[in-house]
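Summary of the model geometry
Below are the chains, spelled out letter by letter.
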Amino acid sequence: MSASPSLSVIIPTYNESKNISILLERLKTALAGLSYELIVVDDNSPDRTWEVVERMALEDERVQVIRRFEERGLSSAVLTGMSAARGRALAVMDADLQHDESILPDLARAILAENYDAAIGSRAAEGGDYGEWSKSRLLMSRAAALAARIMLPIRISDPMSGYFVISREVYHDTADEINPRGFKILLEFVGRARNLKIKEIGYSFRNRLHGETKLSPSVVRNFFVALYDLRFGKIMPPSFILYGLVGLSGVLVNLLGFRLGEAAGLPHVVTGLSPRLDPIYLAAPFGYQLAIISNYVLNNWITFWEKRHRGWGNLKAFLMFEYISLFGLLVHTAVFQLLHINGFPGGFLAEEWRQTLNIGLATIVAMVSNYYLNISFTWGRR
């Protein structure tokens, strides 16, 4: 094996077969005179991006490809590449040709010769721009950058950049803390490391030539989940917060469903079993069932986005969610009765306030039990 290179360039890919060969050739030109390696981490692309890189690797030992069959995601791909890298400086860039490779030597030099901990290709720094972005997309990016600067102890112009170089020492010091499902890997490094010496170099963001953008409706959700995780994740996992917010929305759906059921004239059933049970208002279970449906959909597409079920897989998952929700109802009822019968807590409180407190505690216990059952069974297998 040849001596370790100074620079390792990690390029995560998915369906970039038309771009990757162009990028690798451009990098060879831009990095002439530097000791480097190019590591492509491909998530088993259907367009066989990995195969294009394999052919190039046969002709150039500085090129290698890691084809992943199980794991998915940009951040985890970057970490996979970094774990295999041998360079003193570790660069990350996209394969879609939107990052200007001509500034990469300057980014690397900041680490290798100027003793910076990180160097960032910035669209917002002096000499940089966002290219032909629409006003709405530009506004969203700037708002996201502002939110990151408010939530995290970072002072960089473009925290959303996916183009950067870090030192091997920074990687080793923070790798164990990095969330492999993080929204932006740069945010993970600068958000978890402390007192980094950072240099920003402006560049013009290019338009994509081939393929489709990776932007999706999940971007806003993932961004704010990442910010919360970086700021408060050690206190409480973001998935639990989202689960709780979805649960609160379910309360509103439940109430709305009850009112709709009453408006639709759903009958009251007289059981004859006990005066305390008569009549049963069918509008109540109707509202509860609507809340279960709403909670499943929102949890599947918001709380557990990375593990979401699709197609017919939703049927089995929904039935499991239904069973767990009904179990949660039993837990809620049992905890409330236990607290009510034993007069706990707050015997000194007025009856109305004590019942409200009992309901709140019962709701929390039921929500926590449902949360852990759902992450273990409904969404745990994915």
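First, a word on scope: everything that follows refers to the structure included in this document. (Residues numbered from 1 in each chain as written. Predicted model: local features only at pLDDT ≥ 70, side-chain atom pairs only at ≥ 80, totals over all residues. Heavy atoms only, no water.)

**Some points on the packing of aromatic side chains**
For the coordinates displayed, the defined rule picks out 13 aromatic pairs. Ring geometry for tyrosine 228 against phenylalanine 232: centres 5.7 Å apart, planes inclined by 45°, an arrangement best described as tilted. Taken as a pair, tyrosine 228 and phenylalanine 232 lie in helix H8 (residues 218-232) at a separation of four residues, close to a single helical turn. In this structure an aromatic cluster arises from ring pairing among Tyr296, Phe304, Phe318, Phe321 and Trp379. For lysine 197, the ring lying beneath its charged end belongs to tyrosine 116, and the centroid distance is 4.7 Å. Of note, arginine 308 hangs over the ring of tryptophan 305, and the distance from its end group to the ring centre comes to 3.7 Å. (Phe/Tyr/Trp six-rings, centres within 6.5 Å; stacked < 30°, edge-to-face > 60°. Helix = DSSP H or I, 4+ residues; strand = E, 2+ residues; numbered from the N terminus. Lys NZ or Arg CZ within 6 Å of the ring centre and 35° of its normal.)

**Some remarks on the pattern of salt bridges**
Counted by the stated rule, this structure contains 15 salt bridges. Among the ionic pairs, aspartate 60 bridges to lysine 28, the shortest N-O distance being 3.3 Å. Of this pair, aspartate 60 sits in the loop between helix H2 (49-59) and strand E3 (63-67) while lysine 28 sits in helix H1 (residues 17-30); the two residues are 32 residues apart in sequence, bridging distant segments of the chain. A salt bridge links glutamate 71 to arginine 68; its shortest N-O distance comes to 3.8 Å. On the basis of relative accessible area, glutamate 71 is assigned to the partly exposed category, the value being 45%. (Salt bridge = Lys/Arg side-chain N within 4 Å of Asp/Glu carboxyl O. Buried < 20%, exposed > 50% of the residue type's maximum accessible area, 1.4 Å probe, protein only.)

**Considering the nonpolar core**
With 35 residues, the main nonpolar core has Leu7, Val9, Ile11, Ile20, Leu24, Leu27 and Leu104 as its most contacted residues. Elements with a contribution of two residues or more to this core: strand E1 (7-13), H1, strand E2 (36-42), H2, strand E4 (89-92) and helix H4 (104-112). When residues of this core are assigned to their parent elements, the largest contribution, five residues, is made by H4. In contact with isoleucine 11, not counting residues within four places along its chain, are Ile20, Leu23, Leu24, Leu27, Ile39, Val40, Val41, Met93, Asp94 and Ala95. Core analysis: the second largest hydrophobic core is formed by 32 residues, Val78, Ile156, Tyr171 and Ile178 among them. (Core = buried A, V, L, I, M, F, W, Y, C linked by side-chain atoms within 4.5 Å. Contact = heavy atoms within 4.5 Å.)

**Some remarks on the sheet that holds strand E7 (residues 198-202)**
One open sheet holds the seven strands; their spatial order is E3-E2-E1-E4-E6-E5-E7, and the pairing between them is mixed. Of all the strands in the sheet, the pair left with one neighbour each is E3 and E7. On average, each strand axis in the sheet is tilted by 20° relative to the strand beside it, whichever way the strands run. Contacting E1, E2 and E3, H2 crosses the sheet at an angle of about 150° to E3. (Pairing = 2+ DSSP bridges. Axes fitted to C-alpha atoms, helices over the stretch in contact; angles between N-to-C directions.)

**What to know about the packing of H1 against H2**
Two quantities define a packed helix pair, namely the angle between the helix axes and the distance between the axes. It is the contact of H1 with H2, at a shortest axis distance of 8 Å, that shows an interaxial angle of 35°. Crossing hand, H1 versus H2: right-handed. Side by side, H1 and H2 meet where Ser17, Ile20, Ser21, Leu24, Glu25 and Lys28 of the first sit next to Thr49, Val52, Val53 and Met56 of the second. In terms of residue class, the contact of H1 with H2 is made up of five nonpolar, three polar and two charged. (Left-handed = near helix turned anticlockwise from the far one by under 90°. Nonpolar A, V, L, I, M, F, W, Y, C, P; charged D, E, K, R; others polar.)

**With respect to the pairing of E4**
Where burial is concerned, the two faces of E4 agree: the one with Ala89 and Ala91 and the one with Leu90 and Val92 are both buried. The sheet contact formed by E4 and strand E6 (residues 164-167) spans four bridges and is antiparallel. When the sheet's bridge partners are listed, alanine 91 is paired in E6 with valine 165.

**Let's talk about the side chain of glutamate 322**
Structurally, glutamate 322 is set in helix H11 (residues 313-341). One buried charged residue, glutamate 322, remains without a salt bridge, the closest side chain of opposite sign being lysine 316 at 16 Å. Beyond its immediate chain neighbours, meaning those up to four positions away, glutamate 322 contacts Gln289 and Ile292. (Lys, Arg positive; Asp, Glu negative; His and termini not counted.)

**Some words on H4**
Looking at H4, one finds that the buried residues are Leu104, Pro105, Leu107, Ala108, Ala110 and Ile111. Tucked inside the fold, the buried residues of H4 contact E1, H1, E4, strand E5 (118-122), E6 and E7.

**Brief notes about a nonpolar patch on the surface**
A cluster of nonpolar residues, Trp312, Leu315, Leu319, Met320, Tyr323 and Phe377, forms a patch on the protein surface that exposes about 720 Å² of accessible area. In terms of residues, the nonpolar patch owes the most to one element, H11, which gives four residues. Methionine 320 gets classed as partly exposed once you look at its relative accessible area, which sits at 31%. (Patch = residues over 30% accessible without salt bridge, like charges linked within 9 Å, V, L, I, M, F, W, Y side chains within 5 Å. Areas by Shrake-Rupley, 256 points an atom, 1.4 Å probe, with all protein chains shown as cover.)

**Some remarks on the environment of glycine 73**
Inspection of the secondary structure assignment puts glycine 73 in the loop between E3 and helix H3 (74-84). Sequence spacing of glycine 73 and proline 180 is 107 residues, and the spatial spacing of their C-alpha atoms is 8.0 Å. Setting aside residues no more than four positions away along its own chain, glycine 73 makes contact with Asp43 and Arg68.

**Structural notes on H1**
End to end, H1 covers 21 Å across 14 residues, agreeing with the expected 20 Å (1.5 Å per residue, within 8%). Taken together, the buried positions of H1 are occupied by Ser17, Asn19, Ile20, Leu23, Leu24, Leu27 and Lys28. Down the axis, H1 shows its buried residues gathered within 165° of arc, on one side only. Exposed residues lying more than 90 degrees from the buried face of H1 are Lys18 and Thr29. (Expected span 1.5 Å × (residues − 1). Arc of directions from axis to C-beta.)

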